[in-house]
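Residue-level listing of the chains:
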Amino acid sequence: MDNKFFTFIKPYLSYIDNGLLYRKPFSWLYTLIAIINLVLPIYFLYQAIENNIFDFPAKFIILFLLIWIIIAFASWISFQLWWDRKSKVISISSEGDDFIVTPVFSHLIQTIGEWLGTWIGIVGFSVALLTTIMVGNEASPLLNLIGIPFVGTGFLFVILMPIYGFLIIVGTRFLAEQFRALTSIANNTKKN
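Since we're looking at a predicted model, the values are computed, not measured.

Rules used in this analysis
Residues numbered from 1 in each chain as written. Predicted model: local features only at pLDDT ≥ 70, side-chain atom pairs only at ≥ 80, totals over all residues. Heavy atoms only, no water. Core = buried A, V, L, I, M, F, W, Y, C linked by side-chain atoms within 4.5 Å. Buried < 20%, exposed > 50% of the residue type's maximum accessible area, 1.4 Å probe, protein only. Helix = DSSP H or I, 4+ residues; strand = E, 2+ residues; numbered from the N terminus. Contact = heavy atoms within 4.5 Å. Patch = residues over 30% accessible without salt bridge, like charges linked within 9 Å, V, L, I, M, F, W, Y side chains within 5 Å. Areas by Shrake-Rupley, 256 points an atom, 1.4 Å probe, with all protein chains shown as cover. Salt bridge = Lys/Arg side-chain N within 4 Å of Asp/Glu carboxyl O. Phe/Tyr/Trp six-rings, centres within 6.5 Å; stacked < 30°, edge-to-face > 60°. Lys NZ or Arg CZ within 6 Å of the ring centre and 35° of its normal. Lys, Arg positive; Asp, Glu negative; His and termini not counted. Axes fitted to C-alpha atoms, helices over the stretch in contact; angles between N-to-C directions. Parallel < 35°, antiparallel > 145°, perpendicular 65-115°, else oblique. Left-handed = near helix turned anticlockwise from the far one by under 90°. 1 Å grid on protein atoms, 1.4 Å probe; cavity = no way out; pocket = protein on both sides within 12 Å on 5 of 7 lines; lining within 4 Å. Points joined across faces, edges and corners; volume = space filled by probe spheres on them. Nonpolar A, V, L, I, M, F, W, Y, C, P; charged D, E, K, R; others polar.

Enquirer: Tell me what's going on with the nonpolar core, and back it up with residues and numbers.
Expert: Membership of the largest hydrophobic core comes to 23 residues, with the highest contact counts inside it found for I67, V123, L142 and I148. Put simply, the parts of the chain that give this core at least two residues each are helix 3 (20–50), helix 4 (58–88), helix 5 (101–134) and helix 6 (140–146). Once residues lying within four places of it in the same chain are set aside, the contact partners of I67 are V127, T131, L142, L143, I146 and I148.

Now the structure itself:
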C-alpha cells in the first residue's frame, strides 16, 4: 500500500531510524553547556559580590581575584571542549546502524568526564595551591562563599586534585568505550 494515507509518516520514521532525532538534540545540549561554561565566571563573580567579598581582608580579595582568573580560564577550556564535541556527536553513529542511541549517550558520558576531570584538575590543583600558599586553613569560608567547597587546602589536595581529574577522565572514557565496543560488535554482527 503506497498511497499517502499509509505512508505520510515515512519521513518522520526515517528521521527516527537514521538517528538524527537523537544526535541533533544532543548537539544542542552540548552547545547549551558550552554557553553555560562561558557564563560561569560571571556567576561566580556575582555570587562573590553578593556575599560582600570586597569587605574581606586584602589577602582574601587578592586570592579571590586569582581564583576567579583560574575559574575563567577553566571555563574557557570547558567551553572549547563542549563546542568541539558538539560537532562530533552528530557523526557518532552511521545511517543503517541498529544501535544509534547508545553511541550518542556514551559520547555524552565521555564528554562529561573530560569536562569534569579537566575542571577538577585545573581549578582543584590551582585553587588548592594558591589557598595553601596564601591563607592556609583560613580558606574554607572563601571557598564556600564562591561555591567551590570541594577544594580543600594543604599539599595533599594539591597532589590529589590532578589525580582525581585524571581518574575521572580515564574512568568515564573507559565506560564510554565499553558502550561503543558493544554497539560496534552488535552493528557489525548484523551486517555480516
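Enquirer: Summarise a nonpolar patch on the surface; cite the residues concerned and give the values.
Expert: Residues I35, L38, V39, I42, W76 and W83 make up a contiguous nonpolar surface patch of about 580 Å² in total accessible area. For the nonpolar patch, the secondary structure elements donating two or more residues are helix 3 and helix 4. Here the nonpolar patch takes four residues from helix 3, the largest share from any one element. With respect to the helices, strands and loops of the structure, L38 is situated in helix 3. The exposure class assigned to L38 is partly exposed, which follows from its relative accessible area of 37%.

Enquirer: Which residues make up the packing of aromatic side chains, and what values do they have?
Expert: Evaluation of the coordinates by the stated rule reveals eight aromatic pairs. Centroid distance F54 to F64: 6.4 Å. Interplanar angle 85°. Geometry classified as edge-to-face. On the criterion of sequence distance, the pair formed by F54 in the loop between helix 3 and helix 4 and F64 in helix 4 is long-range, its members being 10 residues apart. You can call F54 partly exposed: its relative accessible area is 45%. With centroids separated by 5.3 Å and ring planes inclined at 20°, the aromatic side chains of W76 and F79 adopt a geometry described as stacked. Of this pair, W76 and F79 are both found in helix 4, three residues apart, which corresponds to roughly one turn of the helix. On the accessibility criterion, F79 (13% relative accessible area) is buried. Every member of this aromatic cluster is reached through a ring pair, and the members are Y30, W82 and W115. Sitting over the face of the ring of W83, K86 holds its NZ or CZ atom 4.4 Å from the ring centroid.

Enquirer: Requested: an account of the side chain of K86, with residues and values cited.
Expert: Checked against the element boundaries, K86 lands in helix 4. Buried charge without a salt bridge: K86, with D84 as the nearest opposite-charge side chain at an N-O distance of 9.1 Å. If near-sequence neighbours (up to four positions away) are discounted, K86 is found in contact with S27, Y30 and T31.

Enquirer: Tell me about the pattern of salt bridges, and please be specific about residues and values.
Expert: One pass over the full model with this rule turns up five salt bridges. Ionic pairing is found between R85 and D84, a salt bridge with its closest N-O pair at 2.9 Å. Under the relative-accessibility criterion, R85 is labelled buried at 17%. D84 gets classed as partly exposed once you look at its relative accessible area, which sits at 33%. Note that R173 and E114 form a salt bridge whose closest N and O atoms lie 3.6 Å from each other.

Enquirer: Mind laying out the side chain of H107, listing which residues take part and the relevant values?
Expert: Position of H107 relative to the elements: it lies in helix 5. Once residues within four sequence positions are removed from consideration, H107 is found in contact with Y30, R85, K88, V89, I92 and R180.

Enquirer: Describe the packing of helix 4 against helix 5, and please don't skip the residues or the numbers.
Expert: The geometry of helix 4 relative to helix 5 is characterised by a closest axis approach of 10 Å and an angle of 165° between their N-to-C directions. If you check the angle between helix 4 and helix 5, you find them roughly antiparallel. At the point where helix 4 passes helix 5, the crossing takes the right-handed sense.

Enquirer: Pulling in residues and values, what's your account of the layout of surface pockets?
Expert: The volume enclosed by the largest pocket comes to roughly 160 Å³. Taken together, 10 residues form the lining of the largest pocket, with N37, L40, F44, W115 and W119 sitting closest to its centre. Elements represented by at least two residues in the lining of the largest pocket include exactly helix 3 and helix 5. Split by residue class, the lining of the largest pocket holds nine nonpolar, one polar and no charged.

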